[in-house]
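Chain residues, written in single-letter form:
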Amino acid sequence: MRSLNHEKTLAEIGKIEHIFKETAKIRGAKLEFETSFGCIAYEINQEQKVVKRFERVCRELGYETDYIATFGGSDNNNFVRNGILGIVIACGMNAVHSTKEYTHIDELEKCSNITLKLMT
């Protein structure tokens, strides 16, 4: 289950568990219900230092910035979970996870330029 809000995820899982328990009870079945989390939702405020630094670098390179929320998972989910704030830079991801996924060289070059400038 994915959500942009972890508390909402927990609430929905609670509803699902309740339904499973009630159905198992009605049917006389035994239920073992487990949950695990590969990714926990997070949100980085656009006023955070990491975002402002990204914006400054993009401005210096002449690139526009745009922010979108996704249901995707990345290493950043775990970084944020452990108190390391970051953002994910999309780089040439078009028609993602489909048989029509593609990229353009200029998109990869832009991402490389941003990464290099952030590192230096």
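All values derive from a computational prediction rather than experimental measurement.

Caption draft 1: Quick look at the nonpolar core. Judged by nonpolar contacts, Phe54, Val57, Cys58, Tyr63, Ile114 and Leu118 together constitute the single largest core of six residues. Listed by contribution, the elements that provide at least two residues to this core are helix H2 (49–61) and helix H4 (105–119). Looking at this core, the element that brings in the most residues is H2, giving three residues. Sequence-distant contacts of Val57, that is, excluding residues within four places in its chain, are made with Ile114, Lys117 and Leu118.

Caption draft 2: Local environment of the packing of aromatic side chains. The final tally for this structure, using the stated rule, is two aromatic pairs. Ring centres of Phe20 and Phe33 lie 6.1 Å apart, and the angle between their planes is 65 degrees; on these two criteria the pair is classed as edge-to-face. One end of the pair, Phe20, is in helix H1 (residues 6–27); the other, Phe33, is in the loop between H1 and H2, with 13 residues separating them in the sequence. Classification of Phe20 as partly exposed rests on a relative accessible area of 45%. Between Phe54 and Tyr67, the ring centres sit 6.4 Å apart and the planes meet at 65 degrees, which makes this aromatic pair edge-to-face. Of this pair, Phe54 sits in helix H2 while Tyr67 sits in the loop between H2 and helix H3 (75–81), and the two are 13 residues apart along the sequence. Judged by relative accessible area, Tyr67 falls into the partly exposed class, the value being 29%.

Rules used throughout
Residues numbered from 1 in each chain as written. Predicted model: local features only at pLDDT ≥ 70, side-chain atom pairs only at ≥ 80, totals over all residues. Heavy atoms only, no water. Core = buried A, V, L, I, M, F, W, Y, C linked by side-chain atoms within 4.5 Å. Buried < 20%, exposed > 50% of the residue type's maximum accessible area, 1.4 Å probe, protein only. Helix = DSSP H or I, 4+ residues; strand = E, 2+ residues; numbered from the N terminus. Contact = heavy atoms within 4.5 Å. Phe/Tyr/Trp six-rings, centres within 6.5 Å; stacked < 30°, edge-to-face > 60°.

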